[in-house]
There are 2 protein chains.
Amino acid sequence: MNLSVAEENYIKSIYKLEETTDGVTTTGLAYELDTKPASVTDMAKKLKEKKLIDYEKYQGISLTAEGKKAALHIIRRHRLWECFLVEKLDFSWEEVHELAEELEHVRSEKLTNRLSEFLGNPVIDPHGDPIPDAQGKMGKQRTQVSLDQARTKRLEVTAVSDKSTALLEFLTAKGIRLGTQLEIIERYEFDNSIEIKIRNQPAFTISEQVSKNIMVRPV
Amino acid sequence: MNLSVAEENYIKSIYKLEETTDGVTTTGLAYELDTKPASVTDMAKKLKEKKLIDYEKYQGISLTAEGKKAALHIIRRHRLWECFLVEKLDFSWEEVHELAEELEHVRSEKLTNRLSEFLGNPVIDPHGDPIPDAQGKMGKQRTQVSLDQARTKRLEVTAVSDKSTALLEFLTAKGIRLGTQLEIIERYEFDNSIEIKIRNQPAFTISEQVSKNIMVRPV
DNA sequence: TTTCTAAGTTAGATTTGTCTAAATTTTATT
DNA sequence: AATAAAATTTAGACAAATCTAACTTAGAAA
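Nothing here was measured: the structure is a model prediction, and the numbers come from that model.

Rules of the game
Residues numbered from 1 in each chain as written. Chains lettered and ligands numbered in written order. Predicted model: local features only at pLDDT ≥ 70, side-chain atom pairs only at ≥ 80, totals over all residues. Heavy atoms only, no water. Domains from an automatic or database assignment. Contact = heavy atoms within 4.5 Å. Buried area = accessible area lost by both parts, 1.4 Å probe. Polar contact = N/O pair within 3.5 Å; in protein donor to acceptor, adjacent residues only side chain to side chain. Helix = DSSP H or I, 4+ residues; strand = E, 2+ residues; numbered from the N terminus. Nonpolar A, V, L, I, M, F, W, Y, C, P; charged D, E, K, R; others polar. Least-squares fit on C-alpha atoms with pLDDT ≥ 70 in both. Salt bridge = Lys/Arg side-chain N within 4 Å of Asp/Glu carboxyl O. Buried < 20%, exposed > 50% of the residue type's maximum accessible area, 1.4 Å probe, protein only. Core = buried A, V, L, I, M, F, W, Y, C linked by side-chain atoms within 4.5 Å. Expected span 1.5 Å × (residues − 1). Near = heavy atom within 4 Å. Phe/Tyr/Trp six-rings, centres within 6.5 Å; stacked < 30°, edge-to-face > 60°. Pairing = 2+ DSSP bridges. Axes fitted to C-alpha atoms, helices over the stretch in contact; angles between N-to-C directions. Parallel < 35°, antiparallel > 145°, perpendicular 65-115°, else oblique.

(A) The arrangement of the domain arrangement of chain A in detail. Partitioning chain A into domains gives domain 1 (5-63) and domain 2 (145-218). Centre-to-centre separation of domain 1 of chain A and domain 2 of chain A, based on C-alpha positions: 31 Å.

Right under this line is the structure:
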């Protein structure tokens, strides 16, 4: 199956929305791809034709098995390039997403697998997301909850869901990265903000917007 | 200046033709890009508009200073990726050209410069071509002639001009790579083929087509 | 100098991916 | 159930890059 860059981006976004929301809608996908619902409808017809998605007028979109496989291959490439950029070229985690968005579209299995090998077949990327293997299989995510829903006080950061430079720069500035251990001091109900403390540093408060995007596990 | 992939490929091909032929014609460029003269005319208008080429109807095409600079940046990226693929991912020289054709279009100065640094700022690529530096300056090619025009008997291979898999595989099979030292045994005038000998191996004959694409220097 | 041919250009069509505006369907609300 | 609101689709248009077919120009040959 030969996909255009645009088609690959649709597949990837559909996969992401299937993971994080329930039901992929025309409008939701348009928002995710920063395009218009009308464009999504057009592309949906094309991807249905290629048997990558199930789609009926007004009934939403979902990936077929083949579509899912395609998505996992794109995600594999994306995450491997992110590893490369961080580990070999010394980029920081907030810089790599955009570059990987471009590099991921170079479709060569040989390149992908050689790159993986060169990096020591990593299983998580710089944002804590798992990397599918050459067959498209992904190691089960360790059970992780977003910080705003955590039940226990002492936690370790396992991943970040929003890859925007803005969020990642903010976290870096606050000293939060993968593996950071933190403690919840207080929850403020009026705006769902949370006061947290890292090690012996002074406590500080983060908004719900931020805590929603920090994935953690009890420690 | 923001160039599309198609525009970058035109600029690159124009640069190549300026180097290897005299005068860049519509037909020649169409042939190089595997497209039609009519398409070249269309694109020429666009690139003239962007001040990357000088172009007047029926008068041929040439790069402006700005166009040349753009070309050198693209070539830099292409050759650095070729080095990466060969040196780090263990690809052979006949496999890397096509992949680099895709990777070269990821436009990020930071990525390019970090990659160069990671590779130890190489100055020649796996085919023996010089790599422009971050400013677009290229180390003077060592004086090199194609094998079919060499004046002396004992020669060393410095570069290969045709990057097709077919030629490179042939050379590899014959034991010819960068740095290979060889001796001209005989020239056959009727078809301009050449009999050569490497080290102590038995001599063999190569066609003019091949010898034209092997660059050498006296040794 | 005229004529012919190869090279180059224009005109109009096509494909991909997008858009806006209008029409339609679904869903939520009274 | 009727109607309003929101979501979705259709219709028609556009830009980029390409093509074919027809036309024009430049330069070589006579």
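(B) Spotlight on the interface of chain B and chain A. Opposite the 20 residues of chain B that make contact, chain A presents 20 residues. The largest per-residue losses of area from chain B upon contact with chain A belong to B:L89, B:R114 and B:F118, which jointly make up 28% of the total buried on that side. Applying the counting criterion to the chain B and chain A interface returns six residue pairs in polar contact (both at pLDDT 80 or more). Residue assignment for the side of chain B that touches chain A shows that the elements contributing at least two residues are helix 4 (65-87), helix 5 (96-103) and helix 6 (109-118) of chain B. In terms of residue class, the side of chain B that touches chain A is made up of eleven nonpolar, two polar and seven charged.

(C) Spotlight on the relation of the copies chain B and chain A. The transform that puts chain B on chain A rotates by 180 degrees and translates by 0.0 Å along the axis, for an RMSD of 0.1 Å. Such values leave the two copies arranged in the relation of a two-fold axis. Proximity to the rotation axis, assessed at the C-alpha, singles out B:L103 in chain B; its C-alpha lies 3.5 Å from the axis.

(D) Structural detail: the pattern of salt bridges. Residues and elements named next belong to chain B. Across all of its chains, the model carries 24 salt bridges over all chains by this definition. For the salt bridge of K16 with E32, the shortest nitrogen-to-oxygen distance reads 3.2 Å. One end of the pair, K16, is in helix 1 (residues 5-20); the other, E32, is in helix 2 (residues 26-32), and 16 residues separate them in sequence. E32 sits in the partly exposed class, given a relative accessible area of 29%. D129 is the salt-bridge partner of K163, the closest N and O atoms lying 2.6 Å from each other.

(E) Highlighting the nonpolar core. Membership of the largest hydrophobic core comes to 32 residues, with the highest contact counts inside it found for A:W81, A:F84, B:W81 and B:F84. Of all the secondary-structure elements, those providing two or more residues to this core are helix 4 (65-88), helix 5 (96-103) and helix 6 (109-118) of chain A together with helix 4, helix 5 and helix 6 of chain B. When sequence neighbours within four positions are dropped, the list of residues in contact with A:F84 reads A:L89, A:L115, A:F118, A:L119, B:W81, B:F84, B:L115 and B:F118.

(F) Structural view of helix 3 (residues 37-49) of chain A. Residue and element names in this part refer to chain A. Compared with an ideal rise of 1.5 Å per residue, which puts 13 residues at 18 Å, helix 3 spans 19 Å between its outermost C-alpha atoms and is within 8% of the ideal. Summarising the contacts, the buried residues of helix 3 are in contact with helix 1 (5-20), helix 2 (26-32), strand 1 (53-55) and strand 2 (61-63). Phi for K51, located one or two positions after helix 3, is positive at around 60 degrees.

(G) Seen up close, the protein's contact with DNA strand C. Surrounding DNA strand C, one finds 20 residues, the nearest of these being A:S4, A:T35, A:S39, A:K46 and B:T27. Looking at DNA strand C alone, sugar and phosphate atoms form 79% of those within 4 Å of the protein. Contact between DNA strand C and A:T35: a phosphate oxygen at 2.4 Å from a side-chain N or O atom of the residue. Where the surface near DNA strand C is concerned, the elements lending two or more residues are helix 1 and helix 3 of chain A together with helix 2 and helix 3 (37-49) of chain B. Here the surface near DNA strand C is composed, by residue class, of eight nonpolar, seven polar and five charged.

(H) Representation of the packing of aromatic side chains within the structure. On inspection of all chains with the given rule, the structure shows eight aromatic pairs over all chains. Ring centres 5.0 Å apart and planes at 55 degrees place the aromatic pair A:F84 and B:F84 in the tilted group. Taken together, the positions of A:F84 in helix 4 and B:F84 in helix 4 put the pair across two chains. On the accessibility criterion, A:F84 (0% relative accessible area) is buried. Their ring planes at 80 degrees and their centres at 6.1 Å tell us that A:F118 and B:F84 sit as a pair that is edge-to-face. Here A:F118, found in helix 6, pairs with B:F84, found in helix 4, and the two come from separate chains.

(I) Region of the structure containing the protein's contact with DNA strand D. DNA strand D sits among 20 residues. The nearest are A:T27, B:S4, B:T35, B:S39 and B:K46. Within the side chain of B:D42, an N or O atom sits 3.4 Å from a base nitrogen of DNA strand D. Broken down by secondary-structure element, the contributors of at least two residues to the surface near DNA strand D are helix 2 and helix 3 of chain A together with helix 1 and helix 3 of chain B. Residues of the surface near DNA strand D, tallied by class, amount to eight nonpolar, seven polar and five charged.

(J) Geometry of the environment of A:Y15. Residues and elements named next belong to chain A. Tracing the sequence through the fold places Y15 in helix 1. Using a relative accessible area of 10% as the deciding quantity, one classes Y15 as buried. Residue contacts for Y15: discarding those within four places in its chain leaves L63, K68, A71, L72, I75 and M138.

(K) Local environment of the pairing of strand 8 (residues 214-218) of chain A. All names here are of chain A. Bridge count for strand 3 (residues 145-146) against strand 8 is two bridges, and the pairing is antiparallel. For V145, the partnering residue across the bridge sits in strand 8 and is V216. Pairing between strand 4 (residues 154-160) and strand 8: five bridges, direction antiparallel. Note on strand 8: the bridge partner recorded for E156 is R217.

(L) Spotlight on the sheet that holds strand 4 of chain A. Residues and elements named next belong to chain A. Here six strands make up an open sheet; going across it, the order is 3-8-4-5-6-7 and the pairing antiparallel. Each edge of the open sheet carries a strand with a single partner, namely strand 3 and strand 7 (204-206). Bridge count for strand 4 against strand 5 (residues 181-188) is three bridges, and the pairing is antiparallel. Counterpart to R154 in the pairing with strand 5 is E183. In the packing of helix 7 (residues 165-174) onto the sheet, the strands contacted are strand 4, strand 6 (193-198), strand 7 and strand 8, and the crossing angle to strand 4 comes to about 145 degrees.

(M) Summary view of the packing of helix 1 of chain A against helix 3 of chain A. All names here are of chain A. Direction vectors running N to C along helix 1 and helix 3 enclose 95 degrees, while the axes themselves pass 11 Å from each other. Here helix 1 is positioned roughly perpendicular relative to helix 3, judged by the angle of their axes. The segment helix 1 lies against helix 3, with A6, E7, Y10, I11 and I14 engaging S39, V40, M43, K46 and L47. Looking at the contact of helix 1 with helix 3, its residues break down into seven nonpolar, one polar and two charged.

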